[in-house]
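Here is what each chain is made of, one letter per residue.
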Amino acid sequence: MRERILAARDSRRGLRPQFVPAPEDFTVAPAPADLQDRRTEITGPVERKMMINALNSGARVFMADFEDANSPTWANVRDGQRNVHDAVRRTIELDTGEKQYRLRDEVAVLFVRPRG
């Protein structure tokens with residue numbers, strides 16, 4: 001089947017893609033130490049309480065999702081950016097009157113998934 005598809009493509013265009021070979025000394029830097037173990041990751045919204053809980057969850061990585069987990073209203077995007085700003089600086093906190101949310105000493109590595 002694959003060969004038939006490639007032959008049909010060749011008859012239409014006449015050329016197959018030509019890929020440039022990688023140089024013999026091509027290497028990639030190793031992943032940073034914080035990303036060597038990614039067995040447990042969480043993806044979630046950029047809402048303040050959710051971010052604090054996810055960062056404190058014990059997961060290795062938390063991906064703050066501005067795409068699928070966030071309704072892109074002006075307030076949500078603005079507040080999400082503020083929450084990421086505060087999380088990076090470790091100043092993110094929330095006091096609901098019933099409970100206080102703060103970052104622990106050891107938290108997940110923070111990734112950000114921007115809106116597409």
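Here we summarise the structure given alongside this text. (Residues numbered from 1 in each chain as written. Predicted model: local features only at pLDDT ≥ 70, side-chain atom pairs only at ≥ 80, totals over all residues. Heavy atoms only, no water.)

Some details on the overall build of the chain
Right, on to step 1. Scanning the chain for helices and strands turns up three helices and five strands.
Right, on to step 2. Listing the helices and strands of the chain from first to last along the sequence gives α-β-α-β-α-β-β-β.
Right, on to step 3. A compact globule built from 116 residues should have a C-alpha radius of gyration of about 13 Å, whereas the chain, at 22 Å, is more than 25% larger.
Right, on to step 4. Relative to its 116 residues, the chain shows a buried fraction of 23%.
Right, on to step 5. With the model as given, the accessible surface of the chain reaches about 9000 Å², and the carbon-plus-sulfur share is 52%.
Right, on to step 6. Taking the average place of the 20 positive charges on the side chains of the chain and the average place of its 18 negative ones, the gap between the two points comes to 6 Å. (Helix = DSSP H or I, 4+ residues; strand = E, 2+ residues; numbered from the N terminus. Rg over C-alpha atoms; globule rule 2.2 N^0.38 Å. Buried < 20%, exposed > 50% of the residue type's maximum accessible area, 1.4 Å probe, protein only. Areas by Shrake-Rupley, 256 points an atom, 1.4 Å probe, with all protein chains shown as cover. Lys, Arg positive; Asp, Glu negative; His and termini not counted. Charge placed at Lys NZ, Arg CZ, Asp CG, Glu CD.)

A look at helix 3 (residues 74-88)
Right, on to step 1. If you check helix 3, its first and last C-alpha atoms are 21 Å apart, about what 15 residues at 1.5 Å a residue would give, namely 21 Å.
Right, on to step 2. Three or more residues of helix 3 are buried, namely Gly-80, Asn-83, Val-84, Asp-86 and Ala-87. In an axial view of helix 3, the angular spread of the buried residues amounts to 165 degrees, which keeps them on one side of the axis. Looking at helix 3, the residues exposed on the side facing more than 90 degrees away from the buried face are Trp-74 and Val-88.
Right, on to step 3. Arg-90 lies just past helix 3 and shows a positive phi near 60 degrees. (Expected span 1.5 Å × (residues − 1). Arc of directions from axis to C-beta.)

Focus on the nonpolar core
Right, on to step 1. Membership of the largest hydrophobic core comes to 14 residues, with the highest contact counts inside it found for Met-51, Leu-55, Phe-62, Ala-64 and Ile-92.
Right, on to step 2. Within the residue set of this core, elements represented by two or more residues are helix 2 (48-55), strand 2 (61-65) and helix 3.
Right, on to step 3. The leading source of residues in this core is helix 2, at four residues. (Core = buried A, V, L, I, M, F, W, Y, C linked by side-chain atoms within 4.5 Å.)

Some thoughts on the sheet that holds strand 2
Right, on to step 1. Taken in spatial order, the three strands make up an open sheet running 1-2-5, and their pairing is parallel. On the outer flanks of this sheet lie strand 1 (41-44) and strand 5 (109-113), each paired with one strand and no other. The average angle at which neighbouring strand axes cross in this sheet is 20 degrees, direction not considered.
Right, on to step 2. One ladder, built from four bridges, connects strand 1 with strand 2; its direction is parallel. Counted as the bridge partner of Glu-41 is Val-61 from strand 2.
Right, on to step 3. Across the sheet, helix 2 lies against strand 1, strand 2 and strand 5, angled at about 165 degrees from strand 2, the strand it touches most. (Pairing = 2+ DSSP bridges. Axes fitted to C-alpha atoms, helices over the stretch in contact; angles between N-to-C directions. Contact = heavy atoms within 4.5 Å.)

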